[in-house]
Structure formats: structure tokens, C-alpha cells
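Read off the chains here:
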Amino acid sequence: MKVCIAEKPSVAREIAAILGANARRDGYFEGNGYQVTWTFGHFCTLKEPHEYTQEWKRWSLFVLPMIPPRFGIKIIENDGVKKQFSVIETLISHADEVINCGDAGQEGELIQRWVLQKALCKVPVKRLWISSLTEDSIREGFQHLKDQSNFDKLYEAGLSRAIGDWLLGMNATRLYTVKYGQNRSVLSIGRVQTPTLALIVTRQLEIENFQPEQYWELKTVYRETTFSATKGRFSSKEDGEKFLEEIKQSDFEVTDVSVKKGEESAPRLFDLTALQVECNKKFSFSAEDTLKLIQSLYEKKLTTYPRVDTTYLSDDIYPKVPAILRGLASYEDLVKPVLAAKIPKSKKIFDNSKVTDHHAIIPTGVRANNISENERKVYDLVTRRFIAAFYSNCKVATTTVLGEANKVEFKVTGKQILEPGWRVVFEKQTNTQDDDSDKEDDNLLPLFEKGESGSHVPALNEKWTQPPKYYTEATLLRAMETAGKLVDDDELRDALKENGIGRPSTRAAIIETLFKRNYIRKERKNLYATQTGVELIGTIKEELLKSAELTGIWEKKLRQIEKNEYEPRRFIDELKQMLTEIVTNVKNDLGGSITIEEVAKKEMKKEMPKKKEKKAASEKKPRAKKDKEVKVEPIVCPLCKKGIILKGKTAYGCSEWKAGCAFRLSFDEVGANLNDKELKDIIQKK
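Residues numbered from 1 in each chain as written. Predicted model: local features only at pLDDT ≥ 70, side-chain atom pairs only at ≥ 80, totals over all residues. Heavy atoms only, no water.

A. Fine view of the overall build of the protein chain. Check the secondary structure of the protein chain and you find 23 helices and 21 strands. Taking all 686 residues of the protein chain together, the buried fraction comes to 51%. Of the contacts formed within the protein chain by residues at least 6 apart in sequence, a portion of 75% connects residues at least 24 apart. Roughly 33,700 Å² of accessible area belongs to the protein chain as shown, and the carbon and sulfur atoms make up 48% of that amount. (Helix = DSSP H or I, 4+ residues; strand = E, 2+ residues; numbered from the N terminus. Buried < 20%, exposed > 50% of the residue type's maximum accessible area, 1.4 Å probe, protein only. Contact = heavy atoms within 4.5 Å. Areas by Shrake-Rupley, 256 points an atom, 1.4 Å probe, with all protein chains shown as cover.)

If you want it as C-alpha cells, here you go:
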């Protein structure tokens, strides 16, 4: 008997139907020489600290660092999990062969391997490795089953990741909770979540400490077109007004008109991060929402495997493209021009060297019936991106017009679309919100001729420098993907992906964890760090814990383990050494406590020792209003006129305190929860 273990019941049902295992049993399907059973998420996990030694049950600095001599796994404490595992265990004990049909990725491999280990599997194991759940794909996968040993390095990478997360998470969380948490709440530290939080906090502090600077821009309007002075900005109004007076009495003359023709390629196919970014921009979907929606589309056989980090297709997909396109119902008008000629095989789309386990996310060609409105939005994005990839390039002309008035030079640049090419695929796209970041800066210009002249309307405009923007989930995902370096160029972004923090499949969960810990909050699309989040990052002195670049290096090593280019033992040993240094440094630190804002009750129950659980619950009620505190907008310090007023632990103070500014308003004097207007009124009276 061959035992197949799928990743969830719905997938097991699909596989069983194709294999002819049509008899339903308790926890599995049977028939035609197969038994098809399933897991549902993680059945096993690494053991808790106290399961290695009772000494580690106590949250104390004296027992840190906790480094087990050998890591062990256990079945999760859940009645449903235990019952289904018992079914799997029994089936394996009588099997001739096991077929691992788990999720075809690193996490899926780890989940299934742990179940097989715990069930003491002794028989040969094959691996089903597919990129979509269509009937054809599953049949093809079973015709080309692989030896499980082919995926040993994938498992070792997943295991190294799990052990690394345990070592850092368990030790650093206890370390910072006991040292700085006032025994009121868990201060959760994670290998990926902490540097992600640091990105948000650093950006927020940059904004809060930003000092706007005034400048002036000289512009003039000629033939309803705004030209900008090539001199750039003026730091003083007087300098700008001098040039303004010089040009007022002169006509504007066009001195040069140049047109440069070029082509724009279609947007790349989606990887998971790019899809999450686009959905956040267009629909305000969270990263977690998008992952759930695209996972649902995958399970409904409408799109391919979603947890991918490549925007390319493998060469073997090329012959299947016409059939996929023909199957896209409701997109016939867009598909027709592509199918009218031989589809080109472009290296910008098909490149085996850029594809590892799975290719980019594309539709399968199965008719999209019975899907929700939000699923339809995501499906439409994926489908249009796929269709557009096979259209011709968009041909554009970039026009630059130079002019002058009384020898002061001006310039304007505009774009004209000559042949839309792939752009026609997106012209009638629906269900999208207005998004300024998505609008083309085409700035179409009228026809100018060199030597023409006439009257114009000049003006000197007052401007202020602007702070960087708060992170949204879209920009945060990009920052995680490129270890904090926000870049627009696709090729450069590909190069930086090697050092990205987290994996496409885990980044959404990391952001959700920060929300659950109450380290960050969302207002509209913007992400803000809470006081606890800000203070936690300020307290952490170890760059290894909060640096996106250093964490990116760890991620690169995990990818190298997957490719058999780095030893798992070396990775774990490096983490152990780093952990020992961090514990020593924090133990010797003389720093104070961290302000604890309210943390989700279920998280407290899950992680705090029982005797501290009660205390946290009793303290929850009086702190409940903290979530509604009004964020203090920058107010210029009345004393030094340079800094801005910041809210500290016990008082409001000036950001220039290190430079000697002594301005201070104690909470005892004015209260700790002032809103913007109240704080401004008090400062004005001082």
C-alpha cells in the first residue's frame, strides 16, 4: 500500500479523486492501492525549554543562554492534531511506500519531515513536487515522483531556520523581558521581527526629528505649460526675487526642442512580494490578506504556487502558454491578438537560471467561477500581468523643451505614448482605488518649435523640504525584501533579494506579529511604532538583533544551505556564539525599564509564566486607554527654536537635549496624555 500525505484535507481530496482512492475512511481516503491522508499546518514543533530541563522553566537571567545539546520535536498539544497524527502513524506503520505530497516549499518540507520522523517512518519516501493543483499538474507530478533525498538540503535549511529562530527567540525574549519588561509583559524578540520593527522605528524617528527647511522655486507658464528654472532651488527669497524681476519684462523664447524615442517593457510577472505590494497599493489589502487570497486561488486551481520569490518562468512552461491563454474566460479580447501570431520566447520572461523550486505566479487557464470579489481582484491582477507579458513593448517619445527669458534658462520634460503595446491590457482595468503612486507621469506637451517666443507668467513659489514618508505595508515589504534599501530598479532589486530579511511566505506573518505584540499600529495605510516598540528598539544595543543588513546576511546563509553551499552546523554555531555575547552584554547593561502598552491577552497567556499571567491580566484594565493616545505632532521648541518637542518616559522634552537644550515639561506638572492642541496651548503660555 502506498500512503500519500497531503498538506490539508482539500488537497488530499483532490489527489484521492485522481488516484482512484474513492473510499472515505476516518482520517483518510483509500482505494486503487493508495491511502491518502493529510496534515493541517504544523503537527510538530521544537520542544519548549522546560522539556529539556526543569531549570529552564523559570524565567531568570541566571539560566541564560539556554542551548540544548540536541534539539527535539514534539506533537503539538491539540486534540485534533493528536487524533489525525495517530491515523498517519498507523497508516505509515503498514505502508510499503510513503509519498510526501506536502506544500512544495521549505516550510512544507519541514512540516512533513517532522511528521515522518515522529511516526518512525522506515519505508522508502517519494516526493510529489508540483506548481499548481490542476488535474493535469497532479497527474504529471505522480508520473515523475522524486526521491525524498533530493530535498534533503531544503529540509536542512528549514530545520536550521527553526533552530535559529528558537535559539534567538526563546533566549532574547526572556532576556529582555526579565531585564527590561518590569514583569508586566513579554518583550518578544525575533530574528526577523526585531529588525523589521527597527526599520519602522528608525523611519518614524527620522520623521519626528525632521527639521523642515524653506526654499523657493522659480517657474514660468508659457502656452499653458509650466517650465522650471534650471538654476534649481533658491535658499533665500531675495535671490529668487532678483531673477523674477529680471524676467518679468522679457518674452519667453524656446531655444531647443529634442525628442528621444524609446520602448518600455511590460511589468514583470508577479512573485509573492510584488503581488502583496500591488494589492496594498491598489486595494489596501494587508500582506496577510493577499497571501490568504492568492493561497485560496491556488487551492481552487486558478493560479500557480504562490510562495515564490522569482518573477520568471521556466522553459518548460513556454509550450503551455497558448493553452493557458485560451482558457482565460472574460479576457478573450485581450488574448486574441497574442494568439494571432507565434508567441515570442523572451529571456525577460523565460529563464531557467532565475527559477529554483517554483516559477512566477501565473493563472492556470482554469475558468474562474465562484470566487469572492476580493479573490477576483487578485486574480485579475495576476491574469492581466500574465497577458501583458506577451504583448509588444510600449513605444514612447520623451520630449525636452528648453527656453529662456532674459538669459535665465528654463526646462520642461514630457512623455508621449506613440504605440501603447502592453498598456492596452490595463486600460480598462476595474476594481482599483485611486492611487497617486500608480498614475503615469506622462505630462503630455503641446507642439513647440525652436525660436518661437511670447508672453509668459513667471512666479516664485515658496516650498519646504519634506520628511521621508511613513512605511506602508507595501513599502515595508519592499524594504524587507532588500534589507532596508528601497530601490525601484528591478535588476538591482533582484540582486538585493539575496540579502532580504524573511522569506516571501513569512513576511506577512512577521508584520502581523508586530501588530499582535502591539509594537506597531496602522492609521489608514501608514505604519507607526507604539511607544513600547520605539523604546524596545532604543534599548537594544546589539546591532545583530536589529540590523536589517546583518539579518539579511543570515537569510543569505539559509539560502546557501538550501543550495548546499553552506554547512547547517556552521550557521547554528555562529548563532550560538552571537547569542552568548548578547546575553553577556545585556546582563551587564545598567539600562532601565521599557514602557509596556497593552498586549493582546492571548499572547500573554501563551508566553508568560503562569504566575505573571495573573498580574498582567490584573493590570490590563487601567492600561486599556493607551491604544487611543493621540500622537503628538512636531512642535518647535520655544527655548532653543531648533528642536522639536518629544514625549519621553516621564516628561515632554526637546530633541536637542544632547546639544544642551534644557526645555522640559514634567508629566507631574502637565499630565502624560495631552493631545496636540493641549500641548501647544501649554507651551505657548510658558
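B. Region of the structure containing the packing of aromatic side chains. A complete count under the given rule lists 24 aromatic pairs for this structure. Pairing Phe71 with Trp166 gives two aromatic rings, centres 5.3 Å apart and planes at 85°, and the pair type is edge-to-face. Linking Phe71 in the loop between β5 (44-46) and β6 (73-75) with Trp166 in helix α5 (residues 152-180), this pair joins segments that are 95 residues apart in sequence. Of the two residues examined, Phe71 and Trp166, each falls in the buried class. Through successive ring pairs, a cluster of aromatic residues spans Tyr222, Phe227, Phe252, Phe410 and Phe448. The aromatic ring of Phe151 is capped on one face by Arg127, whose charged end is 5.9 Å from the ring centroid. (Phe/Tyr/Trp six-rings, centres within 6.5 Å; stacked < 30°, edge-to-face > 60°. Lys NZ or Arg CZ within 6 Å of the ring centre and 35° of its normal.)

C. How the structure looks around empty space enclosed by the protein. Taken as a whole, this structure holds three cavities of 30 Å³ or more when the rule is applied. Across the lining of the largest cavity, the residue classes break down as eight nonpolar, one polar and two charged. (1 Å grid on protein atoms, 1.4 Å probe; cavity = no way out; pocket = protein on both sides within 12 Å on 5 of 7 lines; lining within 4 Å. Points joined across faces, edges and corners; volume = space filled by probe spheres on them. Nonpolar A, V, L, I, M, F, W, Y, C, P; charged D, E, K, R; others polar.)

D. A look at the nonpolar core. One finds Ile15, Val36 and Phe386 to be the most contacted residues of the largest nonpolar core, which totals 152 residues. In this view, Phe386 contacts Leu269, Leu313, Val321, Ile324, Leu325, Leu328, Ile362 and Pro363; residues no more than four positions away in its chain are not counted. Ala229, Phe243, Val254 and Ala405 belong to the second-largest nonpolar core, a separate cluster that totals 18 residues. (Core = buried A, V, L, I, M, F, W, Y, C linked by side-chain atoms within 4.5 Å.)

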